[in-house]
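# A structural walkthrough
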Amino acid sequence: MAPAAAASRVAVSAPVFGSDGGARSSGIKGNNNVVSFGNKSWVGGTLAWESSSVRPRHANKVLCISVQQASKSKVSVAPLDLESAKEPPLNTYKPKEPYTATIVSVERLVGPKAPGETCHIVIDHGGNVPYWEGQSYGVIPPGENPKKPGAPQNVRLYSIASTRYGDYFDGRTGSLCVRRAVYYDRETGKEEPSKNGVCSNFLCNSKPGDKIQLTGPSGKIMLLPEEDPNATHVMIATGTGVAPFRGYLRRMFMEDVPNYRFGGLAWLFLGVANSDSLLYDEEFTSYLKQYPDNFRYDKALSREQKNRSGGKMYVQDKIEEYSDEIFKLLDGGAHIYFCGLKGMMPGIQDTLKKVAEQRGESWDQKLAQLKKNKQWHVEVY
């Protein structure tokens, strides 16, 4: 049975918002640190470009949403005292004394042609484990630690994929984006369940009403800087690394937060295998339609798109494609974030270094300056 707190919630199989057809063209020009979009320009303030229509992907992907969320207007949130803390909550619950939360829903996020399964998991914490956007929860799966007989399993960290108000805007839930880890024998090609990921399979197999042991929240490196509501945020994700960015974007564009009125630019790069592997695509394409002056969304589909050299299109290829604009935005004070598998970073770093050298700059010096200015945010696993 689902918890009482979820009684007024609904799960639907539908797009989060309506869908329109059409392709997008950016038409971008730039000089020095000014990037122009049509007859509008960016110089470290609000960036705007020509309005564009979008083509959403999976029109019938299953997402767990509230009735309110289907509205195109911003959604009111509560309790607003979640805005009053000066510092983010940290390690409210520790591994020796975790919080027992309840699974609200588990929804498959990807289409039938996606390699592997990724799930959106909503967890009811009753308002007792508050967090900020960009933080992580720890999950302790059931069972005994195979390396320490008699001891519980180790904590697994997952980036939180919702704002502090949760998917139901009431401050009582947190959501995770989890890819099921499955191991296949290289010689036989058969699955070996004994080697599958313990925690990811536990989470993806969970049912509404199941209990879950939570720790945290933890992490400060990926917190969304809100001092300047007109700042630029360039977000680069592979796969489930999109989780914290979903939280950022819901706070910017979906929720009516009185003390945070976003007026800058949010630019998301998402790298996945194919169209069926896109995560939260309906939400992101809806922001394109509603906030064309403040949101940009570029996808790298490695099994469907080709890069300039004719090879597979990875997220670093998209970064190279728009490198001139990205560097100008960074020079203007933009924040840049990376989240996903650690294997994403070498290719991205190589691309950024190559672009810097083409511009006559030292990448090592530029990176050091970005870190000093707190513009550089990385969380890989």
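This report concerns the structure included in the present document. Bear in mind the structure is a predicted one, so any value in this text is a computation, not a measurement. (Residues numbered from 1 in each chain as written. Predicted model: local features only at pLDDT ≥ 70, side-chain atom pairs only at ≥ 80, totals over all residues. Heavy atoms only, no water.)

Attention now moves to the packing of aromatic side chains. Applying the stated criterion across every chain, the model contains 20 aromatic pairs. Between Phe338 and Trp376 the ring centres are 4.7 Å apart and the planes differ by 50°, which places this aromatic pair in the tilted class. Note that Phe338 is positioned in strand β17 (residues 335-340) and Trp376 in strand β18 (residues 376-380), a separation of 38 residues in sequence. Residue Phe338 shares its accessibility class with Trp376, and that shared class is buried. A connected cluster of aromatic rings, assembled from ring pairs, spans Phe253, Tyr260, Phe262, Tyr280, Phe284, Tyr287, Tyr291, Phe295 and Tyr297. (Phe/Tyr/Trp six-rings, centres within 6.5 Å; stacked < 30°, edge-to-face > 60°. Helix = DSSP H or I, 4+ residues; strand = E, 2+ residues; numbered from the N terminus. Buried < 20%, exposed > 50% of the residue type's maximum accessible area, 1.4 Å probe, protein only.)

Let us look at helix α5 (residues 323-331). Burial of α5 is extensive: seven of the nine residues sit out of reach of the surface. Along α5, the positions that sit buried rather than exposed are Ser323, Glu325, Ile326, Phe327, Lys328, Leu329 and Leu330. Of the residues one or two after α5, Gly333 is the one with positive phi, at around 105°.

We now examine helix α1 (residues 198-205). The buried fraction of α1 amounts to six of the eight residues, a majority that puts the element mostly inside the structure. Taken together, the buried positions of α1 are occupied by Cys199, Ser200, Asn201, Phe202, Leu203 and Cys204. As for α1, its buried residues are in contact with β7 (99-108), β8 (118-124), β9 (136-140), β10 (156-159), β11 (173-179) and β12 (211-218). (Contact = heavy atoms within 4.5 Å.)

Once that is clear, we can look at the pattern of salt bridges. Applying the stated criterion to the full structure yields 23 salt bridges. Residue Glu133 pairs with Arg164 through a salt bridge whose shortest N-O separation is 2.7 Å. Remark: Arg164 occurs in the loop between β10 and β11 and Glu133 occurs in the loop between β8 and β9; sequence separation between them is 31 residues. One exposure class covers both Glu133 and Arg164, and it is buried. Across the pair Asp167 and Arg246 runs a salt bridge whose closest N-O atoms are separated by 3.0 Å. Placement of Asp167 in the loop between β10 and β11 and of Arg246 in helix α2 (residues 243-254) is noted, with a sequence separation of 79 residues between them. Sharing partners across several salt bridges, the network here consists of Asp324, Lys328, Asp331, Arg359, Glu361 and Lys366. (Salt bridge = Lys/Arg side-chain N within 4 Å of Asp/Glu carboxyl O.)

Attention shifts here to the side chain of Ser218. Here Ser218 lies in strand β12. Residue Ser218 is classed as buried on the basis of its relative accessible area of 18%. Ignoring any residue separated from it by four or fewer positions in sequence, one finds Ser218 in contact with Leu90, Asn91, Gln135, Ser136 and Leu157.

Read these as layout, nothing more, since geometry by itself doesn't imply function.
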